[in-house]
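As a plain string of letters, each chain reads:
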Amino acid sequence: MAISRVFTLLLLLFTVFNLSHSLYEDQVGLMDWHQQYIGKVKQAVFQTQKAGRKRVIVATEENVVASLDLRRGEIFWRKVLGAKDAVDEIALALGKYVITLSSEGSVLRAWNLPDGLLVWESILTGSESSKSLLVVPETLKVGKDSVILVYSCGSLHAVSSIDGEVIWSKDLAAEGILVQQLIYNDENDLVYAVGFDGESKFHLYQINAKNGELLKHNSAAYPGGFSGEMLLVTNDRLVTLDSSRATVVAVEIREEKIVFEPTQVSDLLQDVSGTAILLPAKLAGIFAVKVNAVILFVKVTNDGKLELVDKLDHTVAVSDALSFSEGQQAFALVQHEGSKIDLTIKLNNDWSSNLLKESINMDQDRGVVQKMFINNYIRTDRSYGFRALLVMEDHSLLLVQQGEIVWSREDSLASVVDVTTSELPIEKDGVSVAKVEHSLFEWLQGHLLKLKGTLMLATPDDIVAIQKMRLQSSEKSKMTRDHNGFRKLLIVLTRAGKVFALHTGDGRIIWSQLLHALRKSGSCESPSGLKLLHWQVPHHHAMDENPSLLVTGRCGVTSDSPGVLSIIDAYSGKEVKSFGSIHSILQVIPLPYTDSKERRLHLVIDDVKRGHLYPQTPEAVEIFKSEFTNIYWYSVEENNGILRGHAVKSNCVLDVADEYCFETRDLWSVVFPSETEKIITTVTRKLNEVVHTQAKVIADEDVMFKYISKNLLFVATVSPKATGEIGSVTPEESCLVVYLIDTITGRILHRMTHHGSQGPVHAVLSENWVVYHYFNLRAHRYEMSVIEIYDQSRADNKDVLKLVFGKHNLTSPVSSYSRPDVVTKSQSYFFTHSVKTIAVTSTAKGITSRQLLVGTIGDQVLALDKRFLDPRRSINPTAAEKEEGIIPLTDSLPILPQSYVTHALKVENLRGIEVIPAKLESTTLIFAYGVDLFFTRLAPSRTYDSLTEDFSYALLLITIVALVVAIFVTWILSERKELQEKWR
Amino acid sequence: MRPSMKSVATLSCFLLLTLSLLIPNSSCFQSDELLIEDDEFIKSPDLGRPSISPPTRKTVSDSGSDSKVQFVLEHAFGDSDFTPAGTFSARLKTWSHGAQTLTKLRFSRKDLSREDKENFKTLLEGDDFYRIRVPSNVISPPGRDYIISSVKARCLPQTGLDEHFVIHMDGVNILGVNYGSLAVCQYPRQFKLPSKWAFTSHTVLKSTEQAPRTPAFSEDIGSTEIGGEEEGVKPLERSFWAKYWMYLIPLGLIVMNAVTQAMNMPEEGQPASQTQQVNGPLPRGPGSRR
């Protein structure tokens, strides 16, 4: 019982601390940082015509529309559209609106150019999905309104650019054609809609732009059929490919008829054959075709003949043509030359000469140029200058002007795939310490300033200086390990295949590396990164080696595509070793064993359920074989609704002997009835989580033992009907079933049904509890439920005598094969927000109470004390329960504005929250990522184990000095007085 | 406590049995949930598992029809093929609203053949898996797939071979089987041959639990929520003492110092007061200073 007393005391101690924590205004940015990104740019429009701020409007693959400062690359404004609201087209209208067409052409919005406020939004409807096209004619007016022409959802719409009202719309899908191009002729206010019907017939519609009246309809059949791509070369000429992609068909639209002029690709260039792809660059008079690894530039002559002008390597990037002065049009080409890129600007009617040729030094790490947008300006000598916006392979965005990179943005950080951390090197002689070391004088000065601040003597200037000093404290951005474990490297894997190391102190990039293994190549068509794992964490005998990380990826979309493994050094980012195009990677299991170099053993499971052991050394195999019988794992077949457990059996029997390959066998299976249940979420505990105590002392001095197992799996299933949107089913049709399953034996430990509820389910499993969030259809509200699971088999260990005489089973090992004797407690609460993700804080020793970190729909992170989600909450807790810290029962969970971890900031498109324990027990580090990145420190029970950052050591010192001085002064005074006394 | 509980359980069992004998057509309540301690039953055919539902509920729910259903338990030694090992027989109860549930599950195991025993011995020696499987649908076996469960063979032998099935059901579908023995069985497991080559089987059917309903307060909402918030929004300001202790302590010391000085003062001031006394009697306070 003595133990329980101690625990009660400890608990009491914790309850003394407040439930909610918030920041003071001047603490913002002290230990948190926030970075804004936009993602990989897919379209850009420059706005440089008028005086004022030069800017570029971009639309990205992260569904962001942003206005960037052309001088520095900073974000003027940024709008993040929803996950399903992908931007199709952007344009400028009236010189003051940014027009975006999104959601497959169904939503048209106008944003105010200077500040990004939404001016109007209109929903365009149509009969079927189609290509989305947006044309903003400058001169077209209907009445007083300027008109925007939009082709989407199979219909052509004319929309007023003033208020977004649809003036007329014409259903072209009803005519049976799919429009590929819209051509607006400003001389006679006609719109030409060009498209295919099926694959063989070419159609041309002439529509009056004023009222949508269909004036003329021409069609012509081409025997070879069409591949579907189309490019407008000149005002009356189009280029397309036939269905075999071996012939380029030039289409001429004359007044009365349509003329086809086919040209074989092999006629353009002798030794080239294969399927051709039209590049979407609009070059006016010229078009580009990619055949195999060559790009052909073909000119369309005035009489409709095709003429090859050049052929270039496939790494070349081409911009659209830009008209810059009286009828002159230019476009840009970028070619790679070793560590440099060559930017060439050419006039579209003159291939042989260059308008501009610049050579720019380019970091190899950025890969090849994937997209380019150009803009012109007038130089000081009145000649024309050009600047180019480059989108690189690593998703970064660069502005190039006068042969230099003016600015660059690392926008691949907007698409983080996985995060892990690495410790920094220990401070020692050989290691470089941050350059800015304080001198003693500076230190004292700083503290004097702080002292002034605390004594409220500081002038406003001083306050600014103090704040600046606190924000730029060199302590936090040093490149060495600190005592509290706050300084770490955040290693981030992005969708571009680039790995970054960010410093937790200020978020700066320490190194970045575009992984060679994850770059597009012949053998690996569409590589994607999957996971980051710790490969080598040296701490004892391999101390002088750098830690390294394992990056896994695959060369394709499907799970059976070949895998990629790469090992990188955590301090430099160099790729130490990589395995390309190996067996497929379904699961990577870090095993709890390390070899003599402290490399962790990993078992990689492929799609035929074979296990592959890494590192591939005889030593690793030896270690593995000795622990052979104790390695289990499970797999989830979400589409089938089956969970399976597996164990390692023997070496693979293959044609080629492979001692690192292991066959596996099925041990158990759980089959969910397909007609009533469908798996939507599975959650496990984090591998590195630490639980401080197994016992939980409850109010009446009783002890409950937590059922703590690393092999606990939470599974949520819903009725197959209820997998859709919320509200698509009635409460009677839908139910949510949750399971707690032991993954070694497949035992269902707990199973519970929530009638009338549906997903999406977000859950987090920690210690002996699971918290999950779902929608209650009956109550029309979101709910959060908690299940706590306790081990009854240890419940008899309460007798002190037994403890004394050792007749307890507290120290006996836990085995999954022993029959579990568990009880569960659960409770549900209403929760106002819908949730994007849930995480839980974790600390070094697990003593500090836990907080749930809820990523809300508003892209913020809310810290919610776990005590609010205690299943033992009751309406009137007894005094003992109150003492224990049980909060009176409420039906909903409180959302306190102060408990937002992200305070006033937003992490746009929040996708994940990563929690890293610091070395200081009270503190945990939090990294939230989406389009933005946010990092902060959190102390769920306050920093009970350290002095606060603003503690003034100088004041303490000065006080002590003052006291000593005072003692001396008074001593001297009294001495003197005594002397006087004696002389009298 | 334990024996009395048991006796109550057996008594209730008996009562239920007699009741079910008395009312032959009545069927039992759908609840299949059983706690192992309360009524684990042994495969003896005439000691049918009585339901734990209270007898009063039985009369309420006799709207469905019953039929018998059987399904096979198969076993495998290590990686061998599955062979039949026994049969489960149960009553399939069809409810008026169409749902079907299983009740009165019984299990009869085949005796182990000589070959089986040999196989089992090799399993025990190699600390390998003894695997069982049942169909995932009892009406149309095997359903979508078999439910497999396995246990290290060394976990089973006690005096005989002790096995416990906990079958998780949803209507006529089996979701999962928890299979194993009650004994503690942790790694490294001891090699032990059973003294008796016969299985003692215990079977429990489990169906899903209902989630507790979210508490709903109609009147209390305001007060409790406010109460909760108040607890949350405790004054964040630090106390006066916490903020200014560093000034207060030296101040206090200085004051104390001053006071002690003042205490010493009068001695120094005596000559002055003496002169005053000469001039005339004046009131003299302890703190009067010049």
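Remember, it's a predicted structure, so these values are computed and weren't measured experimentally. Every chain is numbered independently, its residues counted from 1 as its sequence is written. The lettering of chains begins at A and the numbering of ligands begins at 1, in the order of writing. Reporting of local features is limited, given that this is a predicted model, to residues whose pLDDT is at least 70; pairs of side-chain atoms are given and counted only at 80 or more, and all residues count toward the totals for whole chains, interfaces and linings. As a rule here, side-chain values come from all non-hydrogen atoms in the structure, and water together with hydrogens is ignored.

A.B. asks: Would you explain the packing of aromatic side chains in this entry?
C.D. replies: Any aromatic ring pair is given by two values, namely how distant the centres are and how the planes are angled relative to each other. Pairing of aromatic rings covers Phe, Tyr and the six-membered ring of Trp, with a centre-to-centre limit of 6.5 Å; geometry is then stacked below 30 degrees between planes, edge-to-face above 60, and tilted otherwise. For the structure shown, the criterion picks out 36 aromatic pairs over all chains. Ring centres of Trp33(A) and Phe927(A) lie 6.1 Å apart, and the angle between their planes is 55°; this geometry places the pair in the tilted category. With Trp33(A) in strand S1 (residues 33-35) and Phe927(A) in strand S64 (residues 924-929), this residue pair connects regions lying 894 residues apart in the sequence. Here the term buried applies to any residue with accessible area under 20% of the maximum for its type, exposed to any over 50%, and partly exposed to those in between, with areas from a 1.4 Å probe on protein chains only. Looking at Trp33(A), the relative accessible area reads 7%, which means it is buried. Using a relative accessible area of 0% as the deciding quantity, one classes Phe927(A) as buried. Joined through ring pairs, the aromatic side chains of Phe71(B), Phe77(B), Phe88(B), Phe107(B), Phe120(B), Tyr130(B), Phe165(B), Tyr179(B), Trp197(B) and Phe199(B) make up one cluster. Here, a charge over a ring means that NZ of Lys or CZ of Arg falls within 6 Å of the ring centre while also lying within 35 degrees of the ring normal. The ring of Trp769(A) carries the charged tip of Lys866(A) above its face, separated from the ring centre by 4.9 Å. Secondary structure elements follow DSSP: runs of H or I no shorter than four residues count as helices, runs of E no shorter than two count as strands, and numbering proceeds from the N terminus.

A.B. asks: Looking at this structure, how should I read the pattern of salt bridges?
C.D. replies: When the charged atoms of two side chains lie near each other, side chains of opposite charge can form a pair. Counted as salt bridges are all cases of a side-chain nitrogen of Lys or Arg within 4 Å of a carboxyl oxygen of Asp or Glu. Taken as a whole, this structure holds 37 salt bridges over all chains when the rule is applied. A salt bridge links Asp932(A) to Arg78(A), with the shortest nitrogen-to-oxygen separation between them at 2.5 Å. Here Asp932(A), found in the loop between S64 and strand S65 (933-938), pairs with Arg78(A), found in strand S5 (residues 75-80); they are 854 residues apart in sequence, far enough to count as distant. Residue classification places Asp932(A) among the buried positions, given a relative accessible area of 0%. A relative accessible area of 12% means that Arg78(A) is categorised as buried. Within this structure, Lys609(A), Glu637(A), Arg644(A), Asp666(A) and Asp145(B) form a network of salt bridges that share partners.

A.B. asks: I would appreciate a short explanation of unusual backbone geometry in the present structure.
C.D. replies: Peptide bonds are mostly trans, and most non-glycine residues show a negative phi. Residue and element names in this part refer to chain A. Of the consecutive residues Tyr614 and Pro615, the connecting peptide bond is found in the cis state with omega at -5°. Here Pro615 lies in the loop between strand S46 (611-614) and helix H5 (618-626). Pro760 follows Gly759 through a cis peptide bond whose omega is 0°. Tracing the backbone shows Pro760 in strand S56 (residues 757-766). The phi angle at His780 is positive, at roughly 55°, despite the residue not being glycine. On the secondary structure map, His780 appears in the loop between strand S57 (769-776) and strand S58 (781-791). Given the relative accessible area of 62%, His780 is considered exposed. Although it is not a glycine, Asn909 adopts a positive phi angle of roughly 50°.

A.B. asks: I keep staring at the sheet that holds strand S22 (residues 258-264) of chain A and nothing clicks. Help me out?
C.D. replies: Paired through backbone hydrogen bonds, the strands of a sheet run either parallel or antiparallel to each other. Residue and element names in this part refer to chain A. Following DSSP output, two strands are said to pair if at least two bridges run between them. Read from one edge to the other, the open sheet built from 4 strands follows the order S19-S20-S21-S22, with strand pairing classed as antiparallel. A strand with exactly one partner marks an edge of an open sheet, and here the two such strands are strand S19 (226-234) and S22. Pairs of neighbouring strands in the sheet enclose a mean axial angle of 25°, with direction left out of account. Bridging between strand S20 (residues 237-242) and strand S21 (residues 247-253) involves 5 bridges; their strand directions are antiparallel. Of the residues in S21, the one forming a bridge with Thr240 is Val249. As a rule, the C-alpha atoms of each element are fitted with a line to give its axis, helices using only the stretch in contact, and angles between N-to-C directions run from 0 to 180 degrees.

A.B. asks: Explain the environment of Glu677(A) here, please?
C.D. replies: Position of Glu677(A) relative to the elements: it lies in the loop between strand S49 (661-671) and strand S50 (678-684). The class of Glu677(A) is buried, set by a relative accessible area of 6%. Taking the C-alpha atoms as reference points, Glu677(A) and Ser892(A), 215 residues apart in sequence, are found 28 Å from one another. In this analysis, two residues are considered to be in contact whenever any of their non-hydrogen atoms come within 4.5 Å of each other. When neighbours within four sequence positions are excluded, Glu677(A) is seen to be in contact with Phe672(A), Thr717(A), Val718(A), Pro720(A), Val737(A), Tyr739(A), Asp170(B) and Leu175(B). A polar atom in the side chain of Glu677(A) sits 2.9 Å from the side chain of Thr717(A). Polar contacts, as counted here, are pairs of nitrogen or oxygen atoms within 3.5 Å of one another; within protein the pair requires one atom able to donate a hydrogen and one able to accept it, and residues that are adjacent in sequence qualify only if both atoms are side-chain atoms. Side-chain polar atoms of Glu677(A) contact the side chain of Tyr739(A), separated by 2.6 Å.

A.B. asks: Honestly, the interface of chain A and chain B in this entry has me stumped. Any pointers?
C.D. replies: Accessible area lost upon the coming together of the parts serves often as the stated size of an interface. At the junction of the two partners, chain A supplies 75 residues and chain B supplies 70 residues. Summing the contributions of chain A and of chain B, the shared interface buries around 6000 Å²; its carbon and sulfur component is 51%. Per-residue buried area on chain A facing chain B is highest for Arg751(A), Tyr817(A) and Arg819(A); these three make up 13% of the total on that side. For the interface between chain A and chain B, the tally reads 4 salt bridges. The closest approach of N and O atoms between Arg644(A) and Asp145(B), which form a salt bridge, is 2.8 Å. Viewed at the interface, chain B and chain A are joined by 20 residue pairs in polar contact (both at pLDDT 80 or more). Defined here as a combined quantity, buried area equals the accessible surface (1.4 Å probe) lost by two parts on assembly, summed across both.

A.B. asks: Looking at this structure, I do not really get the pairing of strand S51 (residues 695-698) of chain A. What am I missing?
C.D. replies: Successive side chains on a regular strand alternate, one facing one side of the sheet and the next facing the other. All names here are of chain A. In S51, alternate side chains face the same way, and those of Ala695 and Val697 on one face and Lys696 and Ile698 on the other are all buried. Direction of pairing for S51 relative to strand S52 (residues 702-705): antiparallel, over a ladder of 4 bridges. Paired with Val697 across the bridge in S52 is Val703. Counting the residues in the hairpin turn of S51 and S52 gives 3 residues, including Glu701, whose phi is positive at 60°.

A.B. asks: What should I look at first to understand the confidence of the model for chain A in this one?
C.D. replies: The predicted coordinates of low-pLDDT regions are not to be read in fine detail. Summary of the metric used: pLDDT quantifies the predictor's per-residue confidence within the range 0 to 100. Of all residues in chain A, 92% have pLDDT values of 70 or greater, and the mean over the chain is 84. Taken as a whole, residues 430-436 of chain A scores under 50 in pLDDT and shows 10 contacts with residues more than four places along the chain or in a different chain.

A.B. asks: I would appreciate a short explanation of the state of the cysteines in the present structure.
C.D. replies: A covalent bond bridging the sulfur atoms of two cysteines is what the word disulfide describes. Residue and element names in this part refer to chain A. A pair of cysteine sulfur atoms is labelled a disulfide when the two atoms are within 2.5 Å. Enumeration according to the criterion identifies 1 disulfide over all chains in this entry. The disulfide partner of Cys652 is Cys661, and the S-S distance across this bridge is 1.8 Å. Because the sign of the S-S torsion sets the handedness, a value of about -65° for the bond joining Cys652 and Cys661 places this disulfide among the left-handed ones. Both residues of the pair, Cys652 and Cys661, count as buried.

A.B. asks: I would appreciate a short explanation of the environment of Glu74(B) in the present structure.
C.D. replies: All names here are of chain B. Residue placement: Glu74 occurs in strand S1 (residues 65-77). You can call Glu74 buried: its relative accessible area is 13%. When the C-alpha atoms of Glu74 and Val134 are compared, they prove to be 6.5 Å apart, with 60 residues separating the residues in sequence. Those residues within four positions of Glu74 in sequence are excluded, and the remaining contacts are Phe82, Thr83, Pro84, Ala85, Arg131, Ile132, Arg133 and Tyr146.

A.B. asks: Hey, could you run me through the side chain of Asp742(A) in this one?
C.D. replies: Residue and element names in this part refer to chain A. As for its placement among the helices and strands, Asp742 is situated in strand S54 (residues 735-742). Despite its burial, Asp742 remains without a salt bridge, the nearest opposite charge being carried by Arg747 at 6.1 Å. Within the structure, Asp742 has its side chain in polar contact with the backbone nitrogen of Ile744 (distance 2.9 Å). Dropping the residues within four chain positions of it, Asp742 is found in contact with Trp668, Tyr707, Ser709, Asn711, Arg747, Leu749 and Ser816. In summary, the charge assignment counts Lys and Arg as positive and Asp and Glu as negative, without counting His or the chain termini.

A.B. asks: Whenever I open this one, the sheet that holds strand S35 (residues 404-409) of chain A confuses me. Can you help?
C.D. replies: Residue and element names in this part refer to chain A. Spatially, S32-S33-S34-S35 is the arrangement adopted by the 4 strands of the open sheet, whose pairing is antiparallel. The outermost strands of the open sheet, each flanked by one partner alone, are strand S32 (369-378) and S35. Strand-to-strand twist of the sheet, defined as the mean angle between neighbouring strand axes without regard to direction, takes the value 20°. In this sheet, strand S34 (residues 397-401) lies alongside strand S33 (residues 384-392) in antiparallel orientation, the contact comprising 5 bridges. Counterpart to Arg387 in the pairing with S34 is Gln401.

A.B. asks: Sorry, what's going on with helix H3 (residues 114-126) of chain B here?
C.D. replies: Since the α-helix turns once every 3.6 residues, residues separated by three or four places project in the same direction. Residues and elements named next belong to chain B. Between its terminal C-alpha atoms H3 stretches 19 Å, which fits the 18 Å expected from 13 residues at 1.5 Å a residue. Considered for burial, the residues of H3 that qualify are Asp116, Phe120, Leu123 and Leu124. Along the long axis of H3, the arc covered by the buried residues comes to 95°, so they all point the same way. Within H3, the exposed residues directed more than 90 degrees away from the buried face are Arg114, Glu115 and Gly126. One or two residues past the end of H3 sits Asp127, with phi positive at roughly 50°. Expected span, for any helix, means 1.5 Å times one less than how many residues it has. Taking the helix axis as origin, the arc is that swept by the directions to the C-beta atoms.

A.B. asks: Just to check I follow, could you spell out the side chain of Asp791(A) for this structure?
C.D. replies: All names here are of chain A. As for its placement among the helices and strands, Asp791 is situated in strand S58. Given the relative accessible area of 7%, Asp791 is considered buried. Not counting residues within four places of it along the chain, the set of residues in contact with Asp791 comprises Phe705, Lys706, Tyr707 and Asp821.

A.B. asks: When you look at the confidence of the model for chain B in this model, what are you seeing that I'm missing?
C.D. replies: Residue and element names in this part refer to chain B. Here chain B averages 68 in pLDDT, and 61% of its residues register 70 or above. Across chain B, strand S4 (residues 129-135) holds the top mean pLDDT of 90, while helix H2 (residues 55-60) sits lowest at 34. Here residues 1-6 scores under 50 on pLDDT; set against residues more than four positions off or in separate chains, the count is 2 contacts.

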